[in-house]
Amino acid sequence: MGIEVIFKGKNLVRLLAGLGAAMKISLISVAISIVLGIALGMLMTLKKPVINVITRIYLEIVRIMPQMVLLFIVFFGFTKLTGLNLSAEVSAVIVFSFWGTAEMADLVRGCMISIPAIQYESSAALGLGRLQTFIYVIVPQIVRRLLPLSINLITRMIKTTSLVMMIGIVEVLKVGQQIIEANRKTAPNAAFGVFAAVFLLYFAVCWPIGRLSKYLEKKWEN
Amino acid sequence: MEEILKVEHLHKSFENLTVLEDVSLTVNKGEVVVIVGPSGCGKSTFLRCINGLEDIQDGRVILDGQTINPPLQKGDNYRQRIGMVFQSYELFPHKTILGNIMLAPIKVQKRDKNEVRAEAEQLLEKVGLSSKKDNYPRQLSGGQKQRVAIVRALIMHPEILLFDEVTAALDPEMVREVLDVILELAKQQRTMLIVTHEMAFARAIADRIVFMDGGSIIEVSEPERFFTEPRTERAKRFLKTFEY
């Protein structure tokens, strides 16, 4: 079935290195997206018309554009246009952060406005100050609502990094293809085994994250 | 009698809509004042103006000799001296019952945690909810949540308690358990300002009834007198709506 190919030579190590490359890009992008997304999401709740227009356009661009198009624009288009030489990794991080920040901001905004105004008032009535209300009453509630949603986003970002092979990054899927190509003669069925291995690697990364989300949701249900 | 709360010529409007017009009221220490009136008469807004949840356009609210609305000093924390209980309980969903009760005394009044916990447990015992202390609000019935909200206000040792239609969101069979708690507070000589639609309760608990309509105080009477022979035509009409 072509599974033996994976254990030939350094193939497994290469696959794991490819997974590492994909993880590096996703984790850096996720971290940037969370920080910028929270900041932008909070800005969006201020209801300032200028901010609203800009963020609306930004969100729409991210929603309409396929991530691959964005990757090509940044990696090929932007570098040609400006003469700046961006590496494929940096381009990928820029694109994934651009996307992640938009979606994260929208999630943060949604969670923030879902906290009823009277929660602020009942805190004020107890004598809690603005900052205390925020720290002890509002933020914990926002985090509980935000977590399952943002974990969904994070797993989507991890899976979508498979696109970066299109701009020449050797990540896990690309390594898989290389292995299949190299063993075409000796193991014609390698495709099944190798892609199954790639599937399992993605599963090994995303499944625990999903479980963590389930666990926290359950824990916070009360 | 010692005055605890004094409201002078209060005006409140939202944009162009006047909600309260020239409302004045004095509440003495240990007194229970019940405000009744048709929906939209401004009685809830009046309560909210007293602890500064609404800004006011004119007039003054004076608590124990100190003007609190409009606030004279920024950051003056007078709200911890006024307890307020809302119609929809507004417990904090992410905190346990004890967590809800203990938050403000520890964070606002900087009291000792063990002392606060002991008092919280004692108060919960009094309202019959000791067994629920480690539960979350979601696991409680409406009546139980409202009793917790009352305890959460009481533990701050407020000089006056405001009740804003605290039984309006409850199923009928749960109204009693909440009103009993408030009756018990009245027996302890607590100063209370209560907005309610429960006329029998108002009659039983009030030292004075304040009847509001159209953003003004129309009539202030002893409860017996208000319910048997109201002086104003508007109060008569209002009380008629409760007869079948």
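Scroll up to find the structure.
Residues numbered from 1 in each chain as written. Chains lettered and ligands numbered in written order. Predicted model: local features only at pLDDT ≥ 70, side-chain atom pairs only at ≥ 80, totals over all residues. Heavy atoms only, no water.

1. Observations regarding the overall build of chain B
Just so we agree on the cut-off: Numbering of helices and strands runs from the N terminus, with a helix taken as a DSSP run of H or I at least four residues long and a strand as a DSSP run of E at least two residues long. To sort residues, take the accessible area from a 1.4 Å probe on protein chains only and compare it with the maximum for the residue type: under 20% means buried, over 50% means exposed, and anything in between is partly exposed. In this description, contact between two residues means that some pair of their heavy atoms is separated by no more than 4.5 Å. Under the convention used here, a 1.4 Å probe and the Shrake-Rupley method define accessible areas, while residue burial counts only the protein chains that appear.
For chain B, the helix and strand inventory stands at 8 helices and 10 strands. Expressed along its principal axes, the backbone C-alpha trace of chain B runs to roughly 55 × 50 × 35 Å. Relative to its full complement of 244 residues, chain B shows a buried share of 54%. Partitioning the intrachain contacts of chain B with sequence separation of at least 6 by distance along the chain shows that 65% fall at a separation of at least 24. As displayed, chain B offers around 11200 Å² of accessible surface, 45% of which is attributable to carbon and sulfur atoms.

2. Regarding the environment of Gly210(A)
All names here are of chain A. On the secondary structure map, Gly-210 appears in helix H8 (residues 190-219). The class of Gly-210 is partly exposed, set by a relative accessible area of 29%. Separated by 56 residues in sequence, Gly-210 and Ile-154 place their C-alpha atoms 9.7 Å apart.

3. What to know about a nonpolar patch on the surface
The condition that has to hold: Candidates for patches are residues over 30% relative accessible area with no salt bridge; among them, like charges are joined within 9 Å and nonpolar side chains (Val, Leu, Ile, Met, Phe, Trp, Tyr) within 5 Å. Just to be clear on terms, a salt bridge is a Lys or Arg side-chain nitrogen sitting within 4 Å of an Asp or Glu carboxyl oxygen.
Where nonpolar side chains cluster on the molecular surface, the patch consists of Ile3(A), Phe7(A), Leu12(A) and Leu16(A) and spans about 370 Å² of accessible area. You can call Ile3(A) partly exposed: its relative accessible area is 37%.

4. Concerning the packing of helix H2 (residues 97-107) of chain B against helix H4 (residues 142-154) of chain B
Pairs of packed helices are described in terms of their axes, by the angle between the two and the distance that separates them. Residue and element names in this part refer to chain B. Definition in use: Think of each axis as a best-fit line through the C-alpha atoms, taken over the contacting stretch in the case of a helix, with angles from 0 to 180 degrees between the N-to-C directions. Note that the term roughly parallel is reserved for angles under 35 degrees, roughly antiparallel for angles over 145, roughly perpendicular for angles of 65 to 115, and oblique for everything else. Each helix crossing is assigned a hand: it is left-handed if the near helix lies turned anticlockwise from the far helix by less than a right angle, otherwise right-handed if that turn is clockwise. Note on residue classes: Ala, Val, Leu, Ile, Met, Phe, Trp, Tyr, Cys and Pro are nonpolar, Asp, Glu, Lys and Arg are charged, and everything else, Gly too, is polar.
Between H2 and H4, the shortest axis-to-axis distance is 8 Å and the interhelical angle comes to 25°. Taken as axis vectors, H2 and H4 run roughly parallel relative to one another. Between H2 and H4 the crossing geometry is right-handed. For the pair H2 and H4, the contacting residues are Ile-97, Asn-100 and Ile-101 in the first and Val-148, Val-151 and Arg-152 in the second. Considered class by class, the residues forming the contact of H2 with H4 number 4 nonpolar, 1 polar and 1 charged.

5. So, the side chain of Thr133(A)
Topologically, Thr133(A) is positioned in helix H6 (residues 130-160). In contact with Thr133(A), other than residues within four places in its own chain, are Tyr120(A), Ser123(A), Leu128(A) and Ile138(A).

6. Considerations on the packing of aromatic side chains
Residue and element names in this part refer to chain A. The condition is simple: Stacked, edge-to-face and tilted labels apply to pairs of Phe, Tyr and Trp rings (six-membered ring for Trp) whose centres lie within 6.5 Å, assigned for plane angles under 30 degrees, over 60, and everything in between, in that order.
Under the defined criterion, the tally for this structure stands at 10 aromatic pairs over all chains. Here Tyr-58 and Phe-98 contribute two aromatic rings whose centre-to-centre distance is 4.9 Å and whose plane-to-plane angle is 55°, an arrangement assigned as tilted. One end of the pair, Tyr-58, is in helix H2 (residues 49-64); the other, Phe-98, is in helix H4 (residues 88-113), with 40 residues separating them in the sequence. The exposure class of Tyr-58 is buried, given its relative accessible area of 16%.

7. Focus: the interface of chain A and chain B
Defined as follows: Buried area is understood as the total, over both parts, of accessible area removed when two parts are fitted together, assessed with a 1.4 Å probe.
Tallying the contact residues gives 18 residues for chain A and 26 residues for chain B. Contact between chain A and chain B buries roughly 1900 Å² in total, counting both sides, with carbon and sulfur atoms accounting for 60%. Among the ionic pairs, Glu121(A) bridges to Arg48(B), the shortest N-O distance being 2.8 Å. Put simply, the parts of the chain that give the side of chain A that touches chain B at least two residues each are helix H5 (117-125) and H6 of chain A. Top contributing element to the side of chain A that touches chain B by residue count: H5(A), with 7 residues.

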